[in-house]
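Each chain is listed here by its residues.
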Amino acid sequence: AQSVSQHNHHVILSEAASLELGCNYSYGGTVNLFWYVQYPGQHLQLLLKYFSGDPLVKGIKGFEAEFIKSKFSFNLRKPSVQWSDTAEYFCAVNENNAGNMLTFGGGTRLMVKP
Amino acid sequence: DGGITQSPKYLFRKEGQNVTLSCEQNLNHDAMYWYRQDPGQGLRLIYYSQIVNDFQKGDIAEGYSVSREKKESFPLTVTSAQKNPTAFYLCASSNSLGDQPQHFGDGTRLSIL
């Protein structure tokens, strides 16, 4: 079965620090990849997605992610975090032959200190 | 505005009771999903439905039941057979294509009295 790993469960950064959150998946076939964000008290929102083409995708609020097929990875990055980026981040993977089913990682809770 | 409405926001259940969580969407999406969110475990799929009058078990369906009588509605019943029901429950919907993102509701937090 497909699995998605987010190795960092909790990350604490100061404002203006750079961010990289890891995401690895186990499926060897074609995948669609997503990062979702859940701000405190809000619903999950789509941050960015990769379906095909340029493996470096840009999302909202200055976030980007790079798909590295050989490493089965889709790490999320932001050059300079802000206090408002404090949230929980979820990586999700859709196998291309599985309709629109998603497998989620365990989430990474990010706290940005002002 | 189109979206997904989950109700209630908070729900308390006594031991041995069944409770039903509501999920309604006006996005005209074919597919709907129920997830359970526990700290450190991400979202785990309980049930999903790709079309009206059809639904499938997800990874953790035991102790739960669903129905999909209308496209807009996908209620989840947490039965007394679910031994650890305290969790945050999220409903989502999407178009049927695999490259379409899922849209999420605000969730229902279920606690046991």
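The residue numbers shown here count from 1 along each chain, following its written sequence. Chains and ligands are labelled sequentially in the order written, the chains with letters from A and the ligands with numbers from 1. Note on the predicted model: pLDDT of at least 70 is required for a residue's local features to be given, and 80 or more for side-chain atom pairs to be given and counted; whole-chain, interface and lining totals, by contrast, use all residues. Note: side-chain values were computed over all heavy atoms of the structure, leaving out hydrogens and water.

Visitor: I'd love a proper account of the pairing of strand β8 (residues 64–68) of chain A, names of residues and values included.
Guide: Residue and element names in this part refer to chain A. Strands pair, by our definition, only if DSSP identifies at least two bridges between them. Runs of E in the DSSP output that reach at least two residues are strands. Runs of H or I that reach at least four are helices, and both are numbered from the N terminus. Relative to β8, strand β7 (residues 56–58) runs antiparallel, the two being bridged by 3 bridges. Along β8, the bridge assignment pairs V57 with A65. Between β7 and β8, which pair antiparallel in sequence order, lie 5 residues; one of them, K61, sits at a positive phi of approximately 60°. By the bridge criterion, 5 bridges tie β8 to strand β9 (residues 73–78) in an arrangement that is antiparallel. Looking at the pairing, A65 lines up with L76 of β9. Turn length for the β8-β9 hairpin, with the two strands adjacent in sequence and antiparallel, is 4 residues, and the turn residue F72 shows positive phi of about 50°.

Visitor: Please set out the interface of chain A and chain B residue by residue, giving values where relevant.
Guide: Any two residues having at least one pair of non-hydrogen atoms within 4.5 Å are treated as being in contact. At the junction of the two partners, chain A supplies 19 residues and chain B supplies 25 residues. A simple way to read buried area is as the amount of 1.4 Å-probe accessible surface that goes missing from two parts once joined, with both sides added. Summing both partners gives a buried area of about 1,600 Å² for chain A against chain B, and 55% of it is carried by carbon and sulfur. Of all residues in chain A, the largest losses of buried area upon contact with chain B belong to N100, M101 and F104 of chain A, amounting jointly to 36% of the total for that side. What makes a salt bridge here is a side-chain nitrogen of Lys or Arg within 4 Å of a carboxyl oxygen of Asp or Glu, nothing more. The tally of links between chain A and chain B comes to 0 salt bridges. Throughout this description, a polar contact denotes any pair of N or O atoms lying within 3.5 Å of each other; where both atoms belong to protein, one of them has to be capable of donating a hydrogen while the other can accept it, and for residues adjacent in sequence the pair is counted only when both atoms sit in side chains. Connecting chain A to chain B are 4 residue pairs in polar contact (both at pLDDT 80 or more). Counting only elements with at least two residues in the side of chain A that touches chain B, the list comes to β5 (31–38), β6 (45–50) and β10 (87–95) of chain A. The greatest single-element share of the side of chain A that touches chain B, amounting to 4 residues, is contributed by β5 of chain A. Note on residue categories: nonpolar means Ala, Val, Leu, Ile, Met, Phe, Trp, Tyr, Cys or Pro, charged means Asp, Glu, Lys or Arg, and polar means any other residue, Gly included. Looking at side-chain class alone, the side of chain A that touches chain B contains 9 nonpolar, 8 polar and 2 charged residues.

Visitor: An account of the nonpolar core is needed here, citing residue identities and associated values.
Guide: Throughout this description, the term nonpolar core refers to a set of buried Ala, Val, Leu, Ile, Met, Phe, Trp, Tyr and Cys residues connected via side-chain atoms within 4.5 Å. Relative accessibility under 20% of the residue-type maximum defines a buried residue, over 50% an exposed one, and the middle range a partly exposed one, all with a 1.4 Å probe and only protein chains included. Within the largest apolar cluster, 28 residues are counted, with the highest numbers of intra-cluster contacts made by L33, W35, L47, L48, F74, L76 and Y89 of chain A. Elements with a minimum of two residues in this core: β2 (10–14), β3 (19–21), β5, β6, β8, β9, β10 and β12 (108–113) of chain A. When neighbours within four sequence positions are excluded, L33 of chain A is seen to be in contact with Y25, L48, K49, Y50, F67, F74, A92 and V93 of chain A. Judged by nonpolar contacts, the second largest core, of 19 residues, contains L21, A61, F74 and L76 of chain B.

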